[in-house]
Amino acid sequence: MAKLTQLIDNEVFRAYATYATIVLLKMMLMSLVTVYFRITRKAFVNPEDTASFGKGESAKKYLRTDPDVERVRRGHLNDLENIVPFLGIGLLYALSGPELYTALLHFRIFAGARIAHSFAYLIPLPQPGRGLSWAAGYAVTISMAYKVLKTVLYL
Amino acid sequence: MAKLTQLIDNEVFRAYATYATIVLLKMMLMSLVTVYFRITRKAFVNPEDTASFGKGESAKKYLRTDPDVERVRRGHLNDLENIVPFLGIGLLYALSGPELYTALLHFRIFAGARIAHSFAYLIPLPQPGRGLSWAAGYAVTISMAYKVLKTVLYL
Amino acid sequence: MAKLTQLIDNEVFRAYATYATIVLLKMMLMSLVTVYFRITRKAFVNPEDTASFGKGESAKKYLRTDPDVERVRRGHLNDLENIVPFLGIGLLYALSGPELYTALLHFRIFAGARIAHSFAYLIPLPQPGRGLSWAAGYAVTISMAYKVLKTVLYL
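Computed from a prediction, not measured in an experiment: that's the story for all the values here.

Undergrad: What is the right way to look at the relation of the copies chain A and chain B in this model?
TA: Both copies of the chain are related by a screw-like operation: a rotation about an axis and a shift along it. Expressed as a screw transformation, the operator carrying chain A onto chain B has a rotation angle of 120° and an axial translation of 0.0 Å, and the superposed copies differ by an RMSD of 0.0 Å. Both copies are brought into coincidence by an operation consistent with a three-fold rotation axis. When C-alpha distances to the rotation axis are compared across chain A, the minimum falls at Val84 of chain A, with a value of 4.3 Å. Interface overlap between copies: only 16% of the residues of chain A at the interface are likewise at the interface in chain B, consistent with a contact formed by different surfaces.

Pasting the structure below:
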């Protein structure tokens, strides 16, 4: 067990673990927001989900798309597309021996950018609010990928 | 190599590796189910996929959506949305030094819940079958995230 | 820090880090291709994204789907569905002590297959080009999962 404890004692790794968990929890929150909008907007996609509204035509009218539900779903998918690279590249980056200060800067910008992205998407804020928050998270991930490849490259 | 062998010798880490691989294989199975339904229902989305059915109008009619195909695809996306957090948070949880018994409980409930979710989605079972299996996996992931943050928090 | 440096000094782990980063960067490229097609095809999904084209009806006509945009988005989702299992299973595989030669073979085939898959999807190439590249990446991931389960199985 000594080994594992030592890994988790490393400050850069602890910072990665903290921010990775935060952005994953934020992404998971999108599921709850989707459920909230599906219920309040009465917009479902699976017939079995509308069974409690009655049978036949009375329930069928709730099988529809709603702009708010679709908006949350797009935000959720965008999270997946951007947080998956952060998880993988960020882990390798944390193991590549960066300076603590630099690593924290990367992790904080990424987490802040993704939280800002969700607000920009859900409120919604006028562009380029969402675009810039997306680009900030993207750029930080590229920067970490560069450090990883520079350190470990083995083709 | 000693290091790596020791990591993989840790029982909690081995349990994580086992259950993470199982849920990923289960998720990968959704791809095969999608292919199966696309072929049996003759419902494709890319024109190049219907080329073997002939040219022009005779092939074009197979470019359509099918309820069964869409159902599998929703189940697949739901897997991605829930298994990605499990992979990341579960790895950090396994490294945060939990009791073996507690860790196994978390991993087993998650894997069982996701397998139940797939059956509930594909059969489909009446609600709240799918909802409860989703919630069980979600709750277990939140519980692991709480343990990770309590152990490593470094903002 | 000694620990982490030693992990990253392991040749198999370095190979995993290199190829995982490459396929994640490739997946991230799909976001840029989507943005490129959305702008050149003038096909957007969020009303706030078309605000710069003017107000009311003149902007509304750009809220539409475009076959090229949808094609890239399908390729991107397929990447997620396949690269997420590679990231998780590949990491555990790298820690399970495979031969360097065998590990490199797995990683190289996967990365090559996913790059080929993107070209096959975006050009698009006639089938079974895309199907075979998808299947190659899938098979390699299954092969690594088998090795992981054989080494660590702990239910």
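Undergrad: Looking at this structure, I do not really get the packing of helix 2 (residues 11-40) of chain A against helix 4 (residues 67-95) of chain A. What am I missing?
TA: When two helices pack together, their arrangement is captured by the angle between the axes and the distance separating the axes. All names here are of chain A. Axis separation between helix 2 and helix 4 bottoms out at 10 Å; the angle between their running directions is 165°. By the angle between their directions, the pair helix 2 and helix 4 is classed as roughly antiparallel. Considering only the axes of helix 2 and helix 4, their crossing is left-handed. Residues that form the contact of helix 2 with helix 4 fall into these classes: 19 nonpolar, five polar and five charged.

Undergrad: Explanation requested: the nonpolar core in the structure shown.
TA: Nonpolar side chains in soluble globular proteins tend to be buried together. Residues Phe107 of chain A, Phe107 of chain B together with Phe107 of chain C are the most contacted members of the largest nonpolar core, which totals 114 residues. If near-sequence neighbours (up to four positions away) are discounted, Phe107 of chain C is found in contact with Val12, Ala15, Tyr16, Tyr19, Phe86, Gly90, Tyr93, Ala94 and Met144 of chain C. With six residues, the next largest nonpolar core counts Val33, Phe37, Ala43 and Val72 of chain A among its residues.

Thresholds, definitions, all that
Residues numbered from 1 in each chain as written. Chains lettered and ligands numbered in written order. Predicted model: local features only at pLDDT ≥ 70, side-chain atom pairs only at ≥ 80, totals over all residues. Heavy atoms only, no water. Least-squares fit on C-alpha atoms with pLDDT ≥ 70 in both. Contact = heavy atoms within 4.5 Å. Axes fitted to C-alpha atoms, helices over the stretch in contact; angles between N-to-C directions. Helix = DSSP H or I, 4+ residues; strand = E, 2+ residues; numbered from the N terminus. Parallel < 35°, antiparallel > 145°, perpendicular 65-115°, else oblique. Left-handed = near helix turned anticlockwise from the far one by under 90°. Nonpolar A, V, L, I, M, F, W, Y, C, P; charged D, E, K, R; others polar. Core = buried A, V, L, I, M, F, W, Y, C linked by side-chain atoms within 4.5 Å. Buried < 20%, exposed > 50% of the residue type's maximum accessible area, 1.4 Å probe, protein only.

Honestly, it's all geometry; don't read function into it.
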